[in-house]
Amino acid sequence: MGNIEKFYMKPPGSCFWVAVLEGKVVGTVAAVGQQEESGGAVVLQRMSVDQRYRKCGVGVALGRKVLEFAAHYGYSSVILGTTAYAPAAHRLYQRLGFCCVGVTNGYATPGGRQSLLEQIFYRVRHHHYSIDVQNISNGHQLQ
């Protein structure tokens, strides 16, 4: 988050949105494109909604913005990952039409190394979600 412009605004196929209500920042989300010959995927990242504004539609609006962005730019899917510690996030992604496509145990930061104690004691279940954006343009998957 230290350099939003560098990571989310300048690269082609990427964007960052900020939700503002009554002059206050209440949420953020980023889309990072991974273009391939067959359309590629957008990775939904940095979804965050201020606790005081959860269950007010902010997360849904931000999620839909990423889905619309992906469909508009011809991506084939949107993917994301989240931990098991966020049940409300899981419900939000499912409401948007995402399907859980896998769960990994012991998730570590890519490129990072864990000590032996971290490998033994620090086990995080990381859930992977995906949605096909080809059906979004006609609104079938948005609920």
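Quick caveat, the model's predicted, so the values are computed rather than measured. (Residues numbered from 1 in each chain as written. Predicted model: local features only at pLDDT ≥ 70, side-chain atom pairs only at ≥ 80, totals over all residues. Heavy atoms only, no water.)

Draft legend 1. Expanded view of the side chain of T28. Considering the arrangement of structural elements, one finds T28 in strand β2 (residues 24-34). In this structure the side chain of T28 is engaged in a polar contact, spanning 3.1 Å, whose partner is the backbone oxygen of R46. Setting aside residues up to four positions removed in sequence, T28 forms contacts with F16, W17, V18, R46, M47, S48 and L62. (Helix = DSSP H or I, 4+ residues; strand = E, 2+ residues; numbered from the N terminus. Polar contact = N/O pair within 3.5 Å; in protein donor to acceptor, adjacent residues only side chain to side chain. Contact = heavy atoms within 4.5 Å.)

Draft legend 2. View of unusual backbone geometry. In this structure, E22 takes a positive phi of about 50° despite not being glycine. In this fold, E22 is placed in the loop between β1 (14-21) and β2. Backbone geometry at K55 places phi at a positive 65°, although glycine is not the residue there.

Draft legend 3. Spatial organisation of the packing of aromatic side chains. With the rule as written, the count across this model stands at four aromatic pairs. Judged by centre distance (5.4 Å) and plane angle (80°), the ring pair of W17 and F69 falls under edge-to-face. You can see W17 sitting in strand β1 and its partner F69 sitting in helix α2 (residues 58-72), a full 52 residues away along the chain. Note on accessibility: W17 and F69 belong to one class, buried. Here the aromatic rings of Y93 and Y129 are separated by 6.0 Å at their centres, their planes lie at 50°, and the arrangement is tilted. With Y93 in helix α3 (residues 87-95) and Y129 in strand β6 (residues 126-132), this residue pair connects regions lying 36 residues apart in the sequence. One aromatic cluster is present, formed by W17, F69 and Y73 through successive ring pairs. (Phe/Tyr/Trp six-rings, centres within 6.5 Å; stacked < 30°, edge-to-face > 60°. Buried < 20%, exposed > 50% of the residue type's maximum accessible area, 1.4 Å probe, protein only.)

Draft legend 4. Fine view of the pairing of β2. Burial analysis of β2 places eight of its eleven residues in the buried class, which makes it a mostly covered element. Of the strand pairs in this sheet, β1 and β2 are connected by eight bridges, and their pairing is antiparallel. Within β2, the position partnered with F16 by the bridge is A30. The turn linking β1 back onto β2 is made up of two residues, and E22 within it adopts a positive phi angle of 50°. As defined by bridge partners, β2 adjoins strand β3 (residues 41-49) across seven bridges and the pair is classed as antiparallel. Residue G33 lies in a different strand from β3, and its bridge partner there is V42. (Pairing = 2+ DSSP bridges.)

Geometric values such as these leave the question of function open.
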